[in-house]
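A structural walkthrough
Chain residues, written in single-letter form:
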Amino acid sequence: MAGCIDLTAGSIRRECVDRTLITWTCGVQTLLSIVEAVWAGRGETEISYWLVQRWAGKQALQIQRKPLCKKIKTEEEKNRRPREKHTQDGLYVVVLLFFKKLDITMNKDTEIDMKEVELNEVDPEKQPMTGDGPPAGGEKNGSVKLKVPEDEVTFTGLSKEELMKVAGTPGWVRTRWVLLVLFWLGWVGMLAGAIVIIVQAPRCKPIPPMDWWNEGPLYQISDVEAFSDGLKGVESKLDEINQLKVKGLVLGPLHSVQPDTPDALFLDQIDPTQGRKEDLTAVLEKAHKKGMSVVLDLTPNYLGNAPWFNGDVGDVLEKVKAAAAHWLSSGVDGIKLSGLNIASSSADWPKLQAVVQGNRTEETKKRVLMGAAEHLSAADVSQLVSSSGVDLLLSDLLSTNNEGVKRTEVMDLLKPQHRSLAWGLGATQQDQLSKQAMTPGLIRLYQLLLFTMPGTPVFTYGDEIGLQAGQGSASPKMVWDIQKEPADGTPVNETAEAERKERVDIRKWFISLSDLRGKERSLLHGDYYSLYSSTSSLSFLRVWDQSNRYITAVNWGGAAEKLKLKLAPTEGLELPETATVTLSTDEALKAEDTVSLDEITLAAGGAVLLQFPYKA
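Everything numeric here is computed off the predicted structure, so don't read it as measured data. Within each chain, residue numbers correspond to sequence positions counted from 1 in written order. Since the coordinates come from a predicted model, pLDDT governs what is reported: local features require at least 70, and pairs of side-chain atoms require 80 or more to be given and counted, while whole-chain, interface and lining totals use all residues. Think of the side-chain values as coming from all heavy atoms in the structure, minus any hydrogens and water.

Okay, the sheet that holds strand β22 (residues 607-612) next. Note on pairing: DSSP must find at least two bridges between two strands before they are called paired. Helix and strand assignments come from DSSP, with helices taken as H or I runs of at least 4 residues and strands as E runs of at least 2, each series counted from the N terminus. Spatially, six strands are ordered β15-β16-β17-β22-β19-β20 in an open sheet, and the strand pairing comes out antiparallel. Each having just a single partner strand, β15 (527-533) and β20 (594-596) make up the two edges of the open sheet. Averaged over all neighbouring strand pairs, the angle between strand axes comes to 30 degrees, with direction disregarded. As defined by bridge partners, strand β19 (residues 578-584) adjoins β22 across four bridges and the pair is classed as antiparallel. Across the sheet, S584 pairs through a bridge with V608, a residue of β22. Contact criterion: two residues are considered in contact whenever any of their non-hydrogen atoms come within 4.5 Å of each other. To define axes, lines are fitted to C-alpha atoms, for helices over the stretch in contact only, and angles between the resulting N-to-C directions are given on a 0 to 180 degree scale. Set on the sheet, helix α15 (residues 440-452) makes contact with β16 (537-543), β17 (549-555) and β22; between it and β17 the angle comes to about 145 degrees.

Now the structure itself:
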């Protein structure tokens, strides 16, 4: 049987349908309900309902036959199939005759414009027609929804002729000219204002050239066995080292040598007690992935009395040059040498410089040539930086000059060369900071001083937790897992637990300083101005262009001291009346406190970092 019956040939009119259609549809629903009641439960029976649809007033009224319910076939039902088919065909004829008997008419004065006539269609699988009551969900099979649009008022606006007539009046002509003139005056005014702002705004100071060793602290691991049981252990600890926000590691010396025996010097071989070459390669790869560079210490006679033995430096320097080329080709980012003042005096020194510093381009990462020197004056250090041509020189000037006045004089003298200077307290001798800073408070004080001084801070492993220096020349064993708290219910050694908590606090202080130095331009590469110095205290200012300015004030003496800060006359720079505390070890000075800069009182062993904003 056809799936659709066209009734356009009957008496149903296509142009319009009135509310009589609702009564007609109810009759169809009643008829289908009767059919459903008769045939329910008698096998695979298809019962159709009729969907009345009108397409934009131009389509024929159609009755569509769609399945509502299906039942599982049985053997008995298959036998009844022919009889059911004839009965169903007869049913469609009855329904067709029923529709043809209907004569739906309407007077023209009552016609409506139908935009949608829809028969609500229920899912046949979920809503069978049983004839026992209304279907689930509140819907009725065969119901028709009529949507009669409400009267709408459409705004058509003025016609073109009306607009042109109004636009030509004198009033509107004058208004348009006034608006046009105001627009151009406003535009020209904004342009002129922008030009004035650009011209009068202070020029940004160009960023100075910075190399990777100027961008953060360096971390010395002089004894990899004491640090983490050899080079393989160093690789496993790189994640924790990276949390310190250091820019580079200084490893070793690692090479094989007999004390004071030049003939037993093998700079291109790693001492088996330190690890293997494969272990060093693994350290290099992992460190580079984490953004850390690796410098290798090639000081020849590091186990003996003199770093360059007591013979001809030229012969030893030739071995150093060959070893430097070997390790640089393996991925090392620089070479460090102790006793720089001795090595650089040799006529063969430029050959080593050429190996490490040669062939530098803007596209390639620079390799650093780093030196260390002891027992030199500030003037000698300045001269050595110039004559040797090293990229970075680590001296012991902070250790040998204990007074604040002397330390301030050193920084003032070396200020022009600060990008080539590295600072440490005990780092030149590869000692821990705690060897001179005997208390946790002093350790924090010197950490703040080193991080805020102009130049590159250098720390020895363990300085970040206040590790106590070893006895004599022995290297102290590094302490790990300080973050791990004792398990509940286990006996606790109160002294050991207090020491663990103190190490945790020192480490947090170290990380906060390292992070601040990397973010703030004034601390990273800002200008330096001394403000105050005494026997046991000093203060200085770090400034860069329009960035926040920082004041460091420290008192390593045994008594409280009043610091009267004074800035020498400087064009375009003056101290404000107050500043804000950023970091402090003094309990009387809390973070975010406002402090008068006329006079600052620091407790014994106190240190504070103050900040104030730029003002034009």
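UniProt positions are given in the numbering used here, feature names are shortened, and annotations may be inferred rather than shown by experiment. Under the UniProt annotation, the feature "transmembrane region" (unreviewed entry) is placed at residues 177-199. Along residues 177-199 one finds 100% helix and 0% strand; the C-alpha atoms at either end are 33 Å apart.

Mean pLDDT over the protein: 81, with 75% of residues reaching 70 or higher. The pLDDT value tells you how sure the predictor is about a given residue, anywhere from 0 up to 100. Residue range residues 1-28 is modelled with pLDDT below 50. Its contacts to residues more than four positions away, or to other chains, number 62 contacts. Segment residues 37-144 is flagged for pLDDT under 50; beyond a separation of four residues in sequence, or across chains, it makes 173 contacts in the model.

Turning our attention to the packing of helix α9 (residues 313-329) against helix α11 (residues 349-357). α11 packs onto α9 with a crossing angle of 0 degrees between their chain directions and a minimal axis gap of 9 Å. When the axis of α9 is compared with that of α11, the two are roughly parallel. In this structure, α9 contributes L317, V320, K321, A324, A325 and L328 to the contact, and α11 contributes W349, K351, L352, V355 and V356. Each residue receives one of three labels: charged for Asp, Glu, Lys and Arg, nonpolar for Ala, Val, Leu, Ile, Met, Phe, Trp, Tyr, Cys and Pro, and polar for the others, Gly being one of them. A per-class count over the contact of α9 with α11 returns nine nonpolar, no polar and two charged. If an angle is under 35 degrees, it is roughly parallel; if it is over 145, roughly antiparallel; if it lies from 65 to 115, roughly perpendicular; otherwise it is oblique.

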